Amino acid sequence: MNKLVVLGAGTAGTMVVNKLRPVLGEEWQITIVDQDETHYYQPGFLFIPFGVYTKQDVVKPKQRFIPSGVDLIVSEIDRVDPEASQVYLAGGNILDYDQLVIATGTEPRPDMTPGLIGDEWRKTVHDFYTVDGAVALREAFKDWEGGRLVVSVMELPFKCPVAPLEFNFLADSYFHERGIRDQVDITYSTVTSEAFTKPVAAKHLSGVLESKNIAIETDYYPERVDPERKVIVSYDEREIPYDLLVVIPINMGAEYIERSGLGNELNHVPVDKHTFLSTDYDNIFALGDAADLPTSKAGSVAHFAVEMFTENFPNHIEGRPMTERFDGHANCFIESGFGKGLLIDFNYDTEPLPGKYPLPGIGPFSLLKETEANHWGKMMFKWTYWNLLLPGRELPLEAQMSLAGKIQEEVGV
Amino acid sequence: MATETIAGTEVQVDEEGFFVDPNVWTEDMAGELASQVGVDELTEDHWTVIKFCRTDFDAKGESPTLRRVSTETGVPTKQLFALFPKKPAKKMSYVSGVPKPKGCV
């Protein structure tokens with residue numbers, strides 16, 4: 001009996017077992033391990049502070065998405081011994097594996113920035129990357145009468161790189177609707193030199209920020225937060241005062257990855273960027289946010305990556321070369337408030353471009369342009385995620401990026 | 001793409017002055033590149049960072065992040081800002097002749 005162990009039953013891990021169970025024969029035993037019984041629809045967290053979604057919209061039991069023939073073990077992971085091909089669970093149990101998939105994602109670590117976790121955490125200092133954080137921020141926003149709202153990125157990379165921009169846009173829309181937008185100053189601080197890391201998209205998105213009267217502080221790398229003086233302080237001693245601070249904490253991979261010696265300085269696992277095979281071990285893969293890939297940490301990337309991986313995996317276990325090569329494809333709707341949204345589509349080599357994104361049946365969607373259709377595309381995605389994506393059903397989305405519909409003149413602007 | 005003369009050698013650079021081919025960089029170019037970004041003197045600490053950027057780029061094919069440089073060299077992030085003021089991630093890559101850091105999208 002051969003053994004496949006998947007660590008993490010989030011987006012990537014759940015898709016992997018759903019795609020591979022029908023493909024791998026009975027000679028393969030599949031086990032998936034996760035420390036949490038609840039599956040979170042993470043793209044939904046963004047909407048909770050603004051009262052669009054509640055906690056109930058974004059949680060379901062993990063077991064529901066694990067197919068028969070796959071064992072789900074709910075346990076913390078102590079460490080992986082890659083030399084012995086064994087996983088040590090927190091309770092002392094040991095799982096042997098022939099092939100290991102690491103899909104434990106990346107998590108916000110507010111404890112890594114001095115001053116974030118303290119008496120003011122979840123009172124005047126918030127995050128929205130956890131369900132508890134998003135719910136606490138909903139409570140804070142409900143009664144807030146205005147002041148300085150600062151949205152601050154602590155470090156790169158972090159998951160869902162467009163979420164802070166969306167958060168700014170939605171905050172603008174939300175405070176307009178409450179009739180107090182003129183009482184709210186919104187400032188977005190980011191470690192990058194522009195609103196986004198890719199030039200053409202950055203230009204479009206800067207325009208959207210400006211049109212919404214949202215100030216931006218660039219090249220801003222926060223060192224600490226002083227919750228008593230209500231300021232963030234950067235490494236180069238620039239201070240931003242706030243009344244309500246919303247941070248995107250430092251993101252790190254799971255701690256067992258560090259204990260296992262499998263991660264980089266942020267506990268993300270170095271892998272081949274086309275096949276996801278560990279750079280150090282021939283029987284370990286890392287998929288989704290857990291991997292150290294030069295593309296977005298995002299559900300769409302996890303989805304496209306899993307499509308490629310599950311095509312390659314049967315070849316890999318038979319000792320044949322992996323012929324499918326992942327191109328870094330990412331595809332993200334960006335909520336821009338007032339019932340509109342933008343769409344970006346890109347990969348390792350092609351940055352997000354304007355134009356049209358063809359989609360059979362319901363498309364095309366407009367790229368890098370605010371439309372109502374893009375907003376509805378984003379809202380429909382929750383149903384798609386629970387009902388089609390996680391169970392591993394076919395979606396009309398190509399895993400490889402296509403240039404069809406994209407306008408390339410702006411490259412190099 | 002443009003051509004610049006750095007330390008007597010013609011070098012192809014991109015729109016922002018980063019080397020198109022990191023392999024043509026030599027140590028004697030670092031001083032001139034540094035002065036272009038407002039770093040007048042290269043101290044031992046500067047060289048620790050530059051040498052790490054070079055070896056890490058060779059090994060990984062990517063320019064290192066501030067956290068990576070700080071973790072691997074032991075030079076605190078705060079000091080990286082003192083060594084390469086305002087935009088240390090970009091400036092240390094620039095002086096080391098490696099590509100502009102991608103940031104992670």
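Residues numbered from 1 in each chain as written. Chains lettered and ligands numbered in written order. Predicted model: local features only at pLDDT ≥ 70, side-chain atom pairs only at ≥ 80, totals over all residues. Heavy atoms only, no water.

> Whenever I open this one, the sheet that holds strand S16 (residues 231-234) of chain A confuses me. Can you help?
Strands in a sheet are paired, the pairing made by backbone hydrogen bonds, and the direction either parallel or antiparallel. Residues and elements named next belong to chain A. Spatial ordering of the open sheet is given by S15-S16-S17, a layout of 3 strands whose pairing is antiparallel. Sheet topology places strand S15 (222-226) and strand S17 (239-241) at the edges, where each strand pairs with a single neighbour. Going from strand to strand, the sheet's axes swing by 20° on average, the running direction of each strand aside. Of the pairings in the sheet, the one linking S15 to S16 comprises 4 bridges and is antiparallel in character. Residue Asp226 lies in a different strand from S16, and its bridge partner there is Val231. (Pairing = 2+ DSSP bridges. Helix = DSSP H or I, 4+ residues; strand = E, 2+ residues; numbered from the N terminus. Axes fitted to C-alpha atoms, helices over the stretch in contact; angles between N-to-C directions.)

> In this structure, what is going on with the interface of chain A and chain B? I would like to understand it.
For an interface, size is often stated in terms of accessible area lost upon the parts coming together. In this complex, chain A contributes 25 residues to the contact, which on the side of chain B involves 16 residues. Interface of chain A and chain B: buried area, both sides summed, is about 1800 Å²; carbon and sulfur atoms make up 57% of it. Taken as a group, A:Tyr221, A:Tyr235 and A:Glu265 account for 32% of the area that chain A buries against chain B, more than any other trio of residues on that side. The interface formed by chain A and chain B includes 5 salt bridges. B:Lys87 serves as the salt-bridge partner of A:Asp219, at 3.2 Å between the closest nitrogen and oxygen. The tally of links from chain A across to chain B stands at 6 residue pairs in polar contact (both at pLDDT 80 or more). Here the side of chain A that touches chain B is composed, by residue class, of 11 nonpolar, 6 polar and 8 charged. (Contact = heavy atoms within 4.5 Å. Buried area = accessible area lost by both parts, 1.4 Å probe. Salt bridge = Lys/Arg side-chain N within 4 Å of Asp/Glu carboxyl O. Polar contact = N/O pair within 3.5 Å; in protein donor to acceptor, adjacent residues only side chain to side chain. Nonpolar A, V, L, I, M, F, W, Y, C, P; charged D, E, K, R; others polar.)

> Would you mind going over the domain arrangement of chain A with me for this structure?
All names here are of chain A. One can read the domain layout of chain A as domain 1 (2-105 + 254-317), domain 2 (110-250) and domain 3 (332-413). Each of domain 1 and domain 2 was reduced to a C-alpha centroid, and the two centroids are 30 Å apart. Facing 16 residues of domain 1, the contacting portion of domain 2 comprises 24 residues. Buried surface at the junction of domain 1 and domain 2, summed over both partners, amounts to about 1600 Å²; 76% is from carbon and sulfur atoms. If you sort the residues of domain 1 by the area they bury against domain 2, Leu46, Pro49 and Phe50 come out on top, with a joint share of 41%. For the pair domain 1 and domain 2, the interface holds 0 salt bridges. (Domains from an automatic or database assignment.)

> Which parts of the structure should I look at to understand unusual backbone geometry?
Glycine aside, residues mostly have negative phi, and peptide bonds are mostly found in the trans state. Residues and elements named next belong to chain A. The omega angle of the peptide bond from Leu156 to Pro157 is -10°, so this bond is cis rather than trans. Of note, Pro157 is situated in the loop between strand S12 (147-153) and helix H3 (163-177). A positive phi angle, near 50°, is found at Cys160, a position not held by glycine. By relative accessible area, Cys160 is classed as partly exposed at 28%. A positive phi angle is found at Phe338, which is not glycine, with a value near 55°. Mapped onto the secondary structure, Phe338 falls in the loop between strand S23 (330-337) and strand S24 (340-346). (Buried < 20%, exposed > 50% of the residue type's maximum accessible area, 1.4 Å probe, protein only.)

> Explanation requested: the sheet that holds strand S13 (residues 184-189) of chain A in the structure shown.
Residue and element names in this part refer to chain A. Within the open sheet, the 5 strands sit side by side as S11-S18-S12-S13-S14. Their pairing is parallel. Looking along the sheet, the strands with just one partner apiece sit at the ends: strand S11 (125-126) and strand S14 (215-217). Strand direction decides the pairing type here: S12 and S13, joined by 6 bridges, are parallel. Bridged to Arg148 within S13 is Asp185. Sitting on the sheet, H3 is in contact with S12, S13 and strand S18 (244-248), with an inclination near 175° to S13.

> Could you clarify how one ought to interpret helix H4 (residues 199-211) of chain A in this entry?
Side chains three or four residues apart in an α-helix point the same way, a direct result of the helix having 3.6 residues per turn. Residues and elements named next belong to chain A. With 13 residues, H4 ought to run about 18 Å at 1.5 Å a step, and its terminal C-alpha atoms sit 18 Å apart, in line with that. Residues Val200, Ala201, Ala202, Leu205, Val208 and Leu209 constitute the buried set of H4. On its buried face, H4 sits against H3, S13, S14, S23 and S24. Immediately downstream of H4, the backbone of Asn213 shows phi near 60°, a positive value. (Expected span 1.5 Å × (residues − 1).)

> Would you explain the pattern of salt bridges in this entry?
Should the charged atoms of two oppositely charged side chains come close, the side chains can pair. Residue and element names in this part refer to chain A. Overall, the coordinates contain 27 salt bridges over all chains when judged by the stated rule. Put simply, Lys382 and Asp57 hold a salt bridge, and the shortest N to O gap is 3.6 Å. Here Lys382, found in helix H7 (residues 372-389), pairs with Asp57, found in the loop between strand S3 (38-40) and strand S4 (59-61); they are 325 residues apart in sequence, far enough to count as distant. Residue Lys382 is classed as buried on the basis of its relative accessible area of 18%. Between Lys212 and Glu370 there is a salt bridge, with the nearest N and O atoms lying 3.8 Å from each other. Taken together, the residues Lys212 in the loop between H4 and S14 and Glu370 in the loop between strand S26 (365-367) and H7 connect sequence positions 158 residues apart.

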